[in-house]
Amino acid sequence: MLQLGIIGLPLSGKTTVFNAISGSHAAVGVYATGKAANISVVKVPDRRLERLAEIFNPKKISHAEIEYIDIAGLTHDGTDKKKEAAYVHSIRQTDALLQVVRCFENPNVAHPAGSIDPKRDIADVDSELILQDLILIEGRLEKIARAMKVGKKEEEPQLHLLEKCRKTLDGGAPLRVLDFTESETKQLSGYRFLTAKPMLYILNLDERQCADSVRWESEFSNLSGTPKTALSHICALLQMEIASFSESERDEFMKELGLEELASSAIVRKSFELLGLIAFLTGGPVEVHSWPIHKDQTAHQAAGEVHSDIQRGFIRAEVVAYSDLDRLGSWAKARDEAKLHVHGKDYVVQDGDVILFRFNV
Ligand SMILES: Nc1nc2c(ncn2[C@@H]2O[C@H](COP(=O)(O)OP(=O)(O)OP(=O)(O)O)[C@@H](O)[C@H]2O)c(=O)[nH]1
Ligand SMILES: [Mg+2]
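Residues numbered from 1 in each chain as written. Chains lettered and ligands numbered in written order. Predicted model: local features only at pLDDT ≥ 70, side-chain atom pairs only at ≥ 80, totals over all residues.

*Asks:* Tell me about the overall build of the protein chain, and please be specific about residues and values.
*Replies:* Assigned secondary structure in the protein chain consists of 15 helices and 12 strands. Seen through its C-alpha atoms, the protein chain measures out along the principal axes to roughly 65 × 65 × 35 Å. Across the 361 residues of the protein chain, 30% fall into the buried class. Here the analysis covers contacts within the protein chain between residues at least 6 apart in sequence; of these, 70% occur between residues at least 24 apart. (Helix = DSSP H or I, 4+ residues; strand = E, 2+ residues; numbered from the N terminus. Buried ≥ 20, exposed ≤ 12 C-beta atoms within 10 Å, placed from the backbone. Contact = placed C-beta atoms within 7 Å.)

Have a look at this one:
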């Protein structure tokens, strides 16, 4: 399962955002600072599942899932090197980052830098990530240079690639702005560079600021202009409260305010997109299910997501686009209207494909 790491300055609201997204009840505030990481598996909202449930009348509805990890703040004073190394290590293991940016005003919550300045905070956190990647590269480059001195040349091709990375980082830019070839990506994947990961910036607004969220987002719109970068906002405190409502209370609340979607759900949806994932669907009398898959993956790979037997015994994929199934209301009708398409192993799965796998084991 893919994992997103929640990062940001101390007391920026990371755990509050984590609770809002996951419906967890992890401790927030000063007394929770520096405690162990919080981890939770979260369902990706997908309205299409409700419609599929009407069509297939299943016993069970299963969503695609992703995992969030709330990692305690990067320490800036550098007093505890061991702890800092542990933080950086856990962030490296993730597939994408969510950076919580404090915008909210709250005199009872101290800011580590003494004032509220979201742009400065973003610059601080981003340069910290760049620094961590630079440290990693410098160390690696030294090792390669030593090996080459004693005639070991195997790593020479990597040298140039790493130097290109260093130059970008030295210039103050994250590695995600670079366009790597497939083979370069492969060579670099083991490093798990922090600045190569997709980044979702989350403006943590207070209730007053939230009324003006469009202006806030436009002020930071430059952030979402770069590749693999997205921007969102949340009133984390409020959303955490809503997350603890029962489902009917939540529906009632949304209806009252005329909300299509909660900010916390929007963040989960955006995380999913940021990871480069799409969803294909399966339906039957037992279960309707939304499955995450990378863009550009084939029907054969999709089969493997559902079950290794289905992949092994793959015969064909029978596919109806969700929009057709939604409009026609039944699988049989879709077949009659020639909206059911039969595909082989190499078919590239599209978002919203409803797939019936034929297999033989
Ligand atoms: N007014 C207001 N307060 C908030 C908001 N989000 C978080 N807070 C408060 O800020 C304090 C810190 O929130 P946390 O979620 O614990 O922050 P954190 O980033 O996890 O903190 P550390 O893990 O200690 O680095 C808590 O007292 C929260 O109630 C918000 O949107 N509005
Ligand atoms: Mg916390």
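*Asks:* Can you lay out the nonpolar core for me, pointing to particular residues and giving the numbers?
*Replies:* Core analysis: the largest hydrophobic core is formed by 75 residues, its most contacted members being Ile-6, Val-17, Ile-21, Tyr-201, Ile-202 and Ile-234. Looking at which domains feed residues into this core, each of domain 1 (3-274) and domain 2 (296-359) gives three or more. Once you skip the residues sitting within four places of it in the chain, Ile-6 turns out to touch Lys-14, Val-17, Phe-18, Tyr-68, Ile-69, Asp-70, Ile-71, Leu-98 and Val-100. (Core = buried A, V, L, I, M, F, W, Y, C linked by C-beta atoms within 7 Å. Domains from an automatic or database assignment.)

*Asks:* Quick rundown of the sheet that holds strand 4 (residues 65-70)? Include the residues and the values.
*Replies:* In space, the six strands of this open sheet follow the order 2-4-1-5-6-7, with mixed pairing throughout. Edge positions in the open sheet fall to strand 2 (38-43) and strand 7 (229-234), since each of these has one partner strand only. Adjacent strand axes in the sheet meet at a mean angle of 25° when their direction is disregarded. Pairing of strand 2 with strand 4 involves six bridges; the strand directions are antiparallel. Its bridge partner lying in strand 4, Val-42 is registered against Ile-66. Across the sheet, helix 1 (residues 14-22) lies against strand 1 (3-8), strand 2, strand 4, strand 5 (96-102), strand 6 (199-204) and strand 7, angled at about 160° from strand 4, the strand it touches most. (Pairing = 2+ DSSP bridges. Axes fitted to C-alpha atoms, helices over the stretch in contact; angles between N-to-C directions.)

*Asks:* Summarise unusual backbone geometry; cite the residues concerned and give the values.
*Replies:* What you tend to see is this: most non-glycine residues have negative phi, and most peptide bonds are trans. Not every positive phi belongs to a glycine, and Lys-228 is a case in point at roughly 55°. Note on placement: Lys-228 falls in the loop between helix 8 (213-219) and strand 7. Residues other than glycine seldom take positive phi values, yet Asp-296 does so here, at roughly 75°. What makes Asp-296 exposed here is the crowd of 10 C-beta atoms within 10 Å.

*Asks:* Can you tell me about helix 11 (residues 263-274), naming the residues and giving the values?
*Replies:* Helix length check: helix 11, at 12 residues, gives a terminal C-alpha distance of 16 Å against a target of 16 Å (1.5 Å per residue), a fit within 8%. Taken as a whole, helix 11 has its buried residues at Ala-263, Ser-264, Ile-267, Val-268, Ser-271, Phe-272 and Leu-274. Gly-276, located one to two residues past helix 11, shows a positive phi value of around 75°. (Expected span 1.5 Å × (residues − 1).)

*Asks:* Give a description of the packing of helix 1 against helix 9 (residues 236-243) that names residues and reports values.
*Replies:* The N-to-C vectors of helix 1 and helix 9 enclose an angle of 35°; their axes lie 8 Å apart at closest approach. Crossing handedness for the pair helix 1 and helix 9: left-handed. Contacts between helix 1 and helix 9 involve Thr-16, Val-17, Asn-19 and Ala-20 from the first element and Ala-236, Leu-237, Gln-239, Met-240 and Ala-243 from the second. The residue makeup of the contact of helix 1 with helix 9, split by class, is six nonpolar, three polar and no charged. (Left-handed = near helix turned anticlockwise from the far one by under 90°. Nonpolar A, V, L, I, M, F, W, Y, C, P; charged D, E, K, R; others polar.)

*Asks:* Let's hear about the packing of helix 4 (residues 118-149) against helix 5 (residues 156-170): which residues, and what values?
*Replies:* Across the interface, helix 4 lies against helix 5 with an axial gap of 10 Å and an inter-helix angle of 150°. The orientation of helix 4 relative to helix 5 falls into the category roughly antiparallel. In the packing of helix 4 onto helix 5, the handedness of the crossing is left-handed. Residues Ile-130, Asp-133, Leu-134, Ile-137, Arg-140, Leu-141, Ile-144 and Met-148 of helix 4 pack against Glu-156, Gln-158, Leu-159, Leu-162, Cys-165, Arg-166 and Leu-169 of helix 5. (Parallel < 35°, antiparallel > 145°, perpendicular 65-115°, else oblique.)

*Asks:* Give me the domain arrangement of the protein chain: which residues, what numbers.
*Replies:* What the domain assignment lists for the protein chain is domain 1 (3-274) and domain 2 (296-359). Computed over C-alpha atoms, the centres of domain 1 and domain 2 are 33 Å apart.

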